[in-house]
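# Structural description and commentary
Here is what each chain is made of, one letter per residue.
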Amino acid sequence: MKQLQQFSEGSLTITLFWWNQKFILKFEQNQLEQTYKISELECSEKEVLELAQNKNFLEKVRKRFEQMYKDLQDELS
């Protein structure tokens, strides 16, 4: 697996990998992570990076992290 880019957007760490003809877009926040696998046939590296910086998409990622954290806390309580 080859790491292409890594950057932060607020509390998120965003890493773009390339592996097995797929871009792997990983978002991390604290102990949680979300991973999206995107075929290189669907998008270019530039398009995947644009998605990773899209404000609307990032808001959805943040909300999903909030729900993931809540789900984890509910089950551990």
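Residues numbered from 1 in each chain as written. Predicted model: local features only at pLDDT ≥ 70, side-chain atom pairs only at ≥ 80, totals over all residues. Heavy atoms only, no water.

## Observations concerning the pairing of strand β3 (residues 22-29)
In terms of burial, β3 is largely enclosed, as six of its eight residues are buried. As judged from the seven bridges shared by strand β2 (residues 12-19) and β3, these two strands associate in the antiparallel manner. What sits directly across from phenylalanine 17, in β3, is isoleucine 24. In this structure, the hairpin formed by β3 and strand β4 (residues 32-39) is closed by a connection of two residues, where asparagine 30 is found at a positive phi of approximately 55 degrees. (Buried < 20%, exposed > 50% of the residue type's maximum accessible area, 1.4 Å probe, protein only. Helix = DSSP H or I, 4+ residues; strand = E, 2+ residues; numbered from the N terminus. Pairing = 2+ DSSP bridges.)

## With respect to the packing of aromatic side chains
Summed over all chains, the structure comprises three aromatic pairs. Each ring, one from phenylalanine 27 and one from tyrosine 36, has its centre 5.9 Å from the other, and the planes form 85 degrees; the classification is edge-to-face. A relative accessible area of 23% means that tyrosine 36 is categorised as partly exposed. Ring centres 5.5 Å apart and planes at 65 degrees place the aromatic pair tyrosine 36 and phenylalanine 57 in the edge-to-face group. Residue tyrosine 36 is found in strand β4, and its partner phenylalanine 57 is found in helix α2 (residues 55-76); the two are separated by 21 residues along the sequence. The structure contains a cluster of three or more aromatic residues connected by ring pairs, namely Phe27, Tyr36 and Phe57. (Phe/Tyr/Trp six-rings, centres within 6.5 Å; stacked < 30°, edge-to-face > 60°.)

## Observations concerning the nonpolar core
Most often, soluble globular proteins keep nonpolar side chains buried together rather than apart. Formed by 16 residues in total, the largest nonpolar core has its most connected members in Leu12, Ile14, Leu25 and Phe27. Counting only elements with at least two residues in this core, the list comes to β2, β3, β4, α1 (45-52) and α2. Sort the elements by how many residues they give to this core and α2 lands first, with four residues. The contacts of leucine 12, once residues within four sequence positions are left out, are Phe7, Phe27, Glu28, Gln29, Leu58, Val61, Arg62 and Phe65. (Core = buried A, V, L, I, M, F, W, Y, C linked by side-chain atoms within 4.5 Å. Contact = heavy atoms within 4.5 Å.)

## Brief notes about the side chain of glutamine 29
Residue position: glutamine 29 is located in strand β3. Of the polar contacts made by the side chain of glutamine 29, one reaches the side chain of serine 11; its length is 2.7 Å. Once residues lying within four places of it in the same chain are set aside, the contact partners of glutamine 29 are Ser11, Leu12 and Phe65. (Polar contact = N/O pair within 3.5 Å; in protein donor to acceptor, adjacent residues only side chain to side chain.)

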